[in-house]
Amino acid sequence: MKLTLNWLKEFVSFKNPPEQIAEMLTMAGFEVESLTPLRTEKGEADDWLMEVAVTPNRGDCLGILGLAREVAALTGAPVKLPPPARYALDGSIRSLVDVKISSPRLCPRYSARIVRDIHVGPSPTWMRDRLEACGIRSINNVVDITNYVMLETGQPLHAFDLDRLKSKRIVVRQAGNIRKFKTLDGVERELAPEDLLICDGDMPVAIAGVMGGMESEVQISTKVVLLESAHFDPISVRRTAKRLELHTEASHRFERGVDPEGTLYALDRAVLLLAQFAKGVPIQGTIDRYPRRVKATAILLKDSKVQRLLGMEMKRSEVEKIIKSLGLKVQQRSKSGLKVIAPSYRRDLSREADLIEELARLYGYEKIPSTLPLVRPQGSRADSHLSRERKVRSFLIGEGVTELINLPFASNAMNLRFPGLWQGRASPVPILNPLVQENSEMRLSLIPGLIQNLRTHMAQRLKSFWGFELGKVFCSNNGNDLPTERQQLAILLHGHRERKGLKAKEEEPLDFADAKGLLEGIMDILGRGDQAIWSHNSLPSFLHPGKAAWLNWGDSRLGYLGEFHPDLCEELDLPHFFIMELDFEKLLQYAPPKLTARSLPRFPSVERDLAVVVDEGFPAQRIISWIKDQGDPLIEDVQVFDQYRGSPIPEGKKSLAYRVCYRAEERTLTDAEVGALHQDLILQIGQAFGAQLRT
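So, how was this worked out
Residues numbered from 1 in each chain as written. Predicted model: local features only at pLDDT ≥ 70, side-chain atom pairs only at ≥ 80, totals over all residues. Heavy atoms only, no water. Helix = DSSP H or I, 4+ residues; strand = E, 2+ residues; numbered from the N terminus. Rg over C-alpha atoms; globule rule 2.2 N^0.38 Å. Buried < 20%, exposed > 50% of the residue type's maximum accessible area, 1.4 Å probe, protein only. Contact = heavy atoms within 4.5 Å. Areas by Shrake-Rupley, 256 points an atom, 1.4 Å probe, with all protein chains shown as cover. Axes fitted to C-alpha atoms, helices over the stretch in contact; angles between N-to-C directions. Parallel < 35°, antiparallel > 145°, perpendicular 65-115°, else oblique. Left-handed = near helix turned anticlockwise from the far one by under 90°. 1 Å grid on protein atoms, 1.4 Å probe; cavity = no way out; pocket = protein on both sides within 12 Å on 5 of 7 lines; lining within 4 Å. Points joined across faces, edges and corners; volume = space filled by probe spheres on them. Nonpolar A, V, L, I, M, F, W, Y, C, P; charged D, E, K, R; others polar. Pairing = 2+ DSSP bridges. Phe/Tyr/Trp six-rings, centres within 6.5 Å; stacked < 30°, edge-to-face > 60°. Patch = residues over 30% accessible without salt bridge, like charges linked within 9 Å, V, L, I, M, F, W, Y side chains within 5 Å. Salt bridge = Lys/Arg side-chain N within 4 Å of Asp/Glu carboxyl O.

### What about the overall build of the chain?
Part 1 of the reasoning: Within the chain, the regular secondary structure consists of 19 helices and 31 strands.
Part 2 of the reasoning: A compact globule built from 695 residues should have a C-alpha radius of gyration of about 26 Å, whereas the chain, at 38 Å, is more than 25% larger.
Part 3 of the reasoning: Along the first, second and third principal axes, the C-alpha atoms of the chain reach 120 × 60 × 55 Å.
Part 4 of the reasoning: Within the span of the chain, comprising 695 residues, buried residues form 49% of the whole.
Part 5 of the reasoning: For the chain, long-range pairs separated by at least 24 residues make up 69% of all intrachain contacts whose partners lie at least 6 apart in sequence.
Part 6 of the reasoning: For the chain, the exposed surface amounts to about 37000 Å²; the carbon and sulfur share of it is 49%.

Next up, the structure:
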């Protein structure tokens with residue numbers, strides 16, 4: 001923001017030297033990047049050009065009026081507004097033009113006045129000098145006045161040649177099916193349906209908040225001017241200007257937010273200057289459409305919060321003095337604090353912390369004493385969730401699996417193909433403003449990211465890739481509430497685990513047992529490796545039907561493991577690999593709260609084997625879980641070590657072989673004792689599962 005010091009003095013009376021004003025603004029958060037003397041022909045410093053860096057949240061200071069309020073608060077000098085032309089809400093203007101707002105969300109307010117008998121010509125020298133000093137090229141007195149008032153107030157204005165508006169009906173609407181529009185710079189722009197336009201009936205005459213069009217621009221022959229002073233939605237202006245790559249002085253201000261209550265003052269100020277320097281005659285009356293009136297923001301400021309954030313105590317009188325100097329109003333006083341009303345031009349003030357920042361800024365950061373924070377040492381409980389996360393990460397990294405972190409975005413096609421572990425039909429969360437148009441949804445699963453990682457590694461001609469990601473996935477609740485987030489663990493294994501060193505050698509190809517062993521290692525770390533159940537029903541379509549399984553805990557599904565379907569590998573041009581995806585939150589839910597330890601056994605164990613013939617779909621884990629549930633103190637462990645199909649086993653059946661480990665803590669078991677226990681166990685298994693003992 002560029003301005004001259006003499007121009008600033010027309011809004012606030014101060015006697016401080018230029019260097020001091022620059023220092024005060026810089027210390028208050030408005031860095032003065034340059035202060036240059038403007039000299040007369042005799043070489044004397046007649047004025048000073050000041051360039052101020054305005055932060056994006058202070059759109060009110062993109063006009064001299066806003067900076068004048070800051071200087072007034074810093075110096076104690078009063079703010080004075082240059083006089084505007086008087087206006088009336090009713091008058092003959094209604095017979096000349098009509099205004100309709102079809103998109104009140106994008107245009108909360110639209111004000112307009114008419115000035116006739118305009119004489120278009122050059123602007124006064126002093127006005128041209130001020131505009132050009134601020135970096136704006138002088139065009140003619142009408143356009144210059146709109147730019148001049150914009151620099152004064154921060155409110156962009158636009159002037160239409162009323163005689164060139166055929167329908168005399170201004171309609172503020174979105175572009176819809178209007179695809180092209182030629183702007184003042186002579187370039188034909190491609191419009192999007194959501195772009196906001198100012199239309200003459202059905203014909204566009206300006207891109208709202210960005211730039212006007214050639215069909216209604218002010219020319220040397222213009223006699224009647226329609227002045228526009230409006231308030232447009234910052235987000236809408238930002239999107240349109242960025243997409244069109246059309247950054248203007250008007251869009252720069254609208255993007256950062258202008259004062260919705262300031263449209264009439266800026267409009268009447270421009271009317272007065274048109275009457276003075278373009279010999280215009282104002283038409284009585286003002287059109288002011290205001291369908292979405294802005295509500296004042298009330299903020300509760302507590303004395304205790306001020307002291308806690310600033311680290312010092314401020315007197316109530318000092319707090320009120322600073323608040324009033326900024327143009328804020330104290331609506332209510334209480335023992336605990338103040339209720340403050342923020343003005344409409346301070347859009348950045350919405351919460352208590354914002355007000356406290358203003359207190360610190362105006363009081364002076366250099367006056368706030370430096371103190372060490374009060375820290376009371378206290379014990380804290382360990383975070384079991386984080387501890388288990390670290391253990392799983394450490395285990396996988398130790399097994400040669402690389403941790404990966406991907407952006408949580410996915411395409412619609414990938415979300416349809418990999419719906420994750422959600423119950424029922426999962427609805428993805430759409431992204432309003434995606435970084436890449438293809439990835440316009442939040443991911444339902446971690447698998448798409450790992451597949452892309454595999455593709456990248458294959459492009460580097462790597463022979464193997466073992467990677468995992470522990471991250472969030474997202475699912476929509478159909479607009480009823482915030483989206484649901486869940487933490488999941490996904491692992492992708494391609495090729496054998498790379499080994500380095502003198503003993504490195506070619507390993508066997510990766511198979512299902514290797515991947516299953518890795519998953520069982522994770523379950524062992526969480527303390528439940530012996531109670532999970534594998535099943536093969538209704539597997540995901542992207543898994544190999546004969547080399548995949550669900551991991552269940554009772555009736556609850558924890559995840560899946562399997563080889564990627566060969567047909568899909570061929571379709572996506574990928575090598576064969578194994579994937580697994582686990583609901584990490586469910587895994588932790590079923591993990592024991594505390595791990596226990598015991599001393600090594602003193603007496604030897606005795607092992608006995610048994611084999612049973614069961615149906616093809618019978619899960620091997622069922623018998624293991626059943627034996628452990630019996631609670632026999634002499635049975636220490638049960639494992640399945642063999643599965644057999646073929647002759648002499650009937651078709652549709654399979655043979656499962658188990659090894660049972662017996663041990664007593666206080667004595668050595670005899671063969672006769674173990675034999676009797678084992679035979680009894682075999683009979684119970686046959687009765688419980690209808691299984692046939694294999695001999």
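More follows now that the structure is in view.
### Notes on the environment of Pro-483
Part 1 of the reasoning: Within the element layout of this structure, Pro-483 appears in the loop between β22 (465-475) and β23 (484-494).
Part 2 of the reasoning: As for Pro-483 and Arg-694, which are separated by 211 residues in sequence, their C-alpha atoms are 53 Å apart.
Part 3 of the reasoning: Once residues lying within four places of it in the same chain are set aside, the contact partners of Pro-483 are Val-429, Cys-475 and Asn-477.

### Notes on the packing of helix α9 (residues 303-310) against helix α11 (residues 352-363)
Axes are the key here: two packed helices are described by the angle between their axes and the distance separating the axes.
Part 1 of the reasoning: Relative orientation of the contacting elements α9 and α11 amounts to 60°, with a least axis distance of 10 Å. Considering their axes alone, α9 and α11 lie oblique with respect to each other. In the packing of α9 onto α11, the handedness of the crossing is right-handed. Contact with α9, carried on its side by Lys-305, Val-306, Leu-309 and Leu-310, involves Glu-352, Ile-356, Leu-359 and Ala-360 of α11 and no other residues of that element.

### Structural notes on the side chain of Glu-563
Part 1 of the reasoning: The topology assignment puts Glu-563 in strand β26 (residues 556-564).
Part 2 of the reasoning: Residue classification places Glu-563 among the buried positions, given a relative accessible area of 8%.
Part 3 of the reasoning: When residues no more than four places from it in sequence are discounted, the contact partners of Glu-563 are Phe-542, Leu-543, His-544, Lys-547, His-576, Phe-577 and Phe-578.

### Some details on the layout of surface pockets
Part 1 of the reasoning: In this structure, the largest pocket occupies an estimated 1200 Å³ of space.
Part 2 of the reasoning: Surrounding the largest pocket, 41 residues form its lining, Lys-516, Glu-520, Trp-534, Ala-620 and Val-640 being those nearest its centre.
Part 3 of the reasoning: The element best represented in the lining of the largest pocket is helix α15 (residues 512-525), accounting for 8 residues.
Part 4 of the reasoning: Residues belonging to the lining of the largest pocket are distributed by class as follows: 18 nonpolar, 11 polar and 12 charged.
Part 5 of the reasoning: Of the volumes computed, that of the second largest pocket is approximately 820 Å³.

### Thoughts on the sheet that holds strand β11 (residues 203-207)
Part 1 of the reasoning: Reading across the sheet, the 5 strands line up as β4-β7-β10-β11-β12 and stay open at both edges, with mixed pairing between neighbours. One side of each edge strand has no neighbouring strand; the edge strands of this open sheet are β4 (98-101) and β12 (211-212).
Part 2 of the reasoning: Sheet topology places strand β7 (residues 169-174) next to strand β10 (residues 196-200); 5 bridges connect them, and they run antiparallel. Bridge pairing in β10 links Val-172 to Ile-198.

### Side note on the packing of aromatic side chains
Part 1 of the reasoning: Within this structure, the stated rule accounts for 12 aromatic pairs.
Part 2 of the reasoning: Summarising the aromatic geometry, the rings of Trp-126 and Phe-277 are spaced 5.6 Å apart at their centres and angled 70° between planes, so their arrangement reads as edge-to-face. With a gap of 151 residues between them, Trp-126 in helix α4 (residues 125-133) and Phe-277 in helix α8 (residues 263-277) connect regions that are remote in the sequence.
Part 3 of the reasoning: On the basis of relative accessibility, which here comes to 37%, the residue Trp-126 falls in the partly exposed class.

### Here's the deal with helix α7 (residues 249-256)
Part 1 of the reasoning: Within the sequence span of α7, burial applies to Ala-250, Ser-251, Arg-253, Phe-254 and Glu-255.
Part 2 of the reasoning: Residues of α7 that are buried make contact with α5 (141-153), β13 (225-231) and α6 (234-244).
Part 3 of the reasoning: Backbone geometry just downstream of α7 places Gly-257 in the positive-phi region, at approximately 95°.

### What to know about a nonpolar patch on the surface
Part 1 of the reasoning: Residues Leu-407, Leu-435 and Val-436 make up a contiguous nonpolar surface patch of about 340 Å² in total accessible area.
Part 2 of the reasoning: Along the chain, the position of Val-436 falls in the loop between α13 (412-417) and β21 (441-442).
Part 3 of the reasoning: Residue class for Val-436 comes out partly exposed when judged on its relative accessible area of 40%.

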